[in-house]
Amino acid sequence: MAQILLPSLRRLALTALASAAMVLFGALLLTLAPPSALAAPADASPAVAPVEPAALAKAVVAMEGLDRMRITLAATLEGRSEEPTLQTMKEVCKPVGMKAAAIGEENGWQVRQVATKFRNPDHAPAHAQERQVIDLFHRHPAITGLWQPATAEQGAGVNYYRRINVEPSCLACHGTKASRPAFVTENYPADRAFDFKAGDLRGMYAVFIPEAPLARDTLVDTKG
Ligand code: HEC
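- Under an unreviewed UniProt entry, the chain has the name DUF3365 domain-containing protein and belongs to Cyanobium gracile UHCC 0139.

1. Remarks on the pairing of strand β2 (residues 110-114)
Stage number 1. In terms of residue burial, β2 counts as a mostly covered element, since 4 of its 5 residues are buried.
Stage number 2. With 5 bridges joining them, β2 and strand β5 (residues 201-210) adopt antiparallel strand pairing. In the strand pairing of β5, Q113 is matched with Y205.

2. Structural notes on the nonpolar core
Stage number 1. Residues A59, Y160, M204, Y205, V207 and I209 are the most contacted members of the largest nonpolar core, which totals 28 residues.
Stage number 2. With 7 residues, helix α4 (residues 53-77) is the largest single contributor of residues to this core.
Stage number 3. Residues A74, V92, C93 and C173 belong to the second largest nonpolar core, which totals 5 residues.

3. Brief notes about the site of the ligand
Stage number 1. Within the structure, the ligand sits among 29 residues, and C93, R119, N120, C170 and C173 are positioned closest to it.
Stage number 2. Here the element with the most residues in the shell around the ligand is α4; it accounts for 4 residues.
Stage number 3. Broken down by class, the residue content of the shell around the ligand amounts to 16 nonpolar, 8 polar and 5 charged.

4. Description of helix α7 (residues 128-139)
Stage number 1. Taking 1.5 Å of rise per residue, the 12 residues of α7 would be expected to cover 16 Å, and the 17 Å separating its terminal C-alpha atoms lies within 8% of that figure.
Stage number 2. Considered for burial, the residues of α7 that qualify are E130, V133, I134, L136 and F137. The arc enclosing the buried residues of α7, seen along the axis, measures out at 160 degrees, which places them on a common side. Looking at α7, the residues exposed on the side facing more than 90 degrees away from the buried face are A128, H138 and R139.

5. Looking at the environment of R180
Stage number 1. With respect to the helices and strands, R180 occurs in the loop between α8 (171-174) and α9 (182-187).
Stage number 2. Look at R180 and you get buried, because 22 C-beta atoms sit within 10 Å.
Stage number 3. Along the primary structure R180 and A193 are separated by 13 residues, whereas in three dimensions their C-alpha atoms are 9.7 Å apart.
Stage number 4. For R180, the contacting residues outside a window of four places in its chain are C173, T185 and F194.

6. As for the environment of R192
Stage number 1. Along the polypeptide, R192 turns up in the loop between α9 and β5.
Stage number 2. Sequence separation between R192 and K177 is 15 residues; the distance between their C-alpha atoms is 8.9 Å.
Stage number 3. Look past the residues within four positions of R192 in its chain and what remains in contact with it is K117 and F118.

7. Overview of the pairing of strand β3 (residues 145-149)
Stage number 1. By the criterion of burial, β3 is predominantly enclosed, with 4 of the 5 residues buried.
Stage number 2. As defined by bridge partners, β3 adjoins strand β4 (residues 157-165) across 5 bridges and the pair is classed as antiparallel. Within β4, the position partnered with G145 by the bridge is R162.

8. Describing unusual backbone geometry
Stage number 1. At D195, a residue that is not glycine, the phi angle is positive and equals roughly 65 degrees.
Stage number 2. Here D195 lies in the loop between α9 and β5.
Stage number 3. Of the residues examined, D195 has 14 C-beta atoms within 10 Å and is grouped as partly exposed.

9. Thoughts on helix α6 (residues 93-107)
Stage number 1. End to end, α6 covers 21 Å across 15 residues, agreeing with the expected 21 Å (1.5 Å per residue, within 8%).
Stage number 2. One or two steps after α6, the chain reaches G108, where phi turns positive at roughly 75 degrees.

10. Some remarks on the packing of α4 against α6
Stage number 1. Viewed as axis vectors pointing N to C, α4 and α6 meet at an angle of 160 degrees, and their least axial separation amounts to 10 Å. By the criterion of interaxial angle, the relationship of α4 to α6 is roughly antiparallel. For the pair α4 and α6, the sense of crossing is right-handed. When α4 is examined against α6, the residues K58, A62, L66, M69, R70 and L73 are found in contact with a partner set consisting of C93, P95, V96, K99, A100, I103 and N107.
Stage number 2. Here the residues of the contact of α4 with α6 are counted per class, giving 9 nonpolar, 1 polar and 3 charged.

Parameters at a glance
- Residues numbered from 1 in each chain as written.
- Predicted model: local features only at pLDDT ≥ 70, side-chain atom pairs only at ≥ 80, totals over all residues.
- Buried ≥ 20, exposed ≤ 12 C-beta atoms within 10 Å, placed from the backbone.
- Helix = DSSP H or I, 4+ residues; strand = E, 2+ residues; numbered from the N terminus.
- Pairing = 2+ DSSP bridges.
- Core = buried A, V, L, I, M, F, W, Y, C linked by C-beta atoms within 7 Å.
- Near = placed C-beta within 6 Å.
- Nonpolar A, V, L, I, M, F, W, Y, C, P; charged D, E, K, R; others polar.
- Expected span 1.5 Å × (residues − 1).
- Arc of directions from axis to C-beta.
- Contact = placed C-beta atoms within 7 Å.
- Axes fitted to C-alpha atoms, helices over the stretch in contact; angles between N-to-C directions.
- Parallel < 35°, antiparallel > 145°, perpendicular 65-115°, else oblique.
- Left-handed = near helix turned anticlockwise from the far one by under 90°.

This is the structure we're talking about:
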C-alpha cells in the first residue's frame, strides 16, 4: 500500500511547516498547480485537477487557522482546577467541528475532521484514501500536510490533508481512559479518543476542493 501511495505523494506532497509564511505557501502551491494548467486547452489532461491555486492556498491557511483555534481554546482550560464540563467541551472541539463545517460552506468545499481513534463516530475515515493518508501521517511525523487527487466517487477536484497532533493541553480530555471527564463517557459511549500522549498523531483535517466552477464553465465554452 505504501509503495502505491508514495510515488504519487512524492509528486503531490507538500510538507507544510505550520509556521511557514503565507508567501511561502503561495510559492509552493504555485509549483503544484501552475496557473498555466488552468489555461490549458480542454483536451489536455493536466495531472492535477484545475483547482485555482488561490483556493489551494486558502485551504492551507484556513486549516492552519482552525488548528490554532483548537490549540488556543484547549490552552484556556489549562490551569483550571475543575473538571471540564459540557460547557467547557463546547469551548474546545465542538466549536472546531462547527467552524470546519462553516469554512466548507463559505468556500464550497467539504471540510471534515478524521480520526481512526475517534470520539465522535462521524469522524471515522470515510474512504480508502483517508485511511492511507492517516497511516502515512503516522509513519512520517515530519509530514504536516499533503495533497491527493480526488477519488472517483468525489469527482473532479483535489483533497488537502493536514495532520492534527496532540498537545499537553489536549490530555484533559484525550488522556487516559480513566481520567476522561464524565461528560465524555456519558455522551460518547463509542469513544476511542483516549490514551494519547503529547506529540501523538490525533487525526487530520480533510478538505475536498471541487474543481473550480470557473474552470468547468471554461471547459464547456471551449467544447461548445
Ligand atoms: C474539554 C475537553 C477536550 C479537550 C481539552 C480537547 N478535546 Fe478534542 N474532543 C473532545 C470532544 C468532546 C470531542 C468530540 C466532539 C464532537 O462531537 O464533534 C473531541 C473531538 C476531537 C477531534 C475530532 C475527531 C474525533 O475524535 O471525534 C479531534 C481531532 C480532537 N478532538 C483533537 C483535540 C486536540 C488536538 C486537542 C488539544 C489541542 C483536544 N482535542 C482537546 C474533547 C476535548
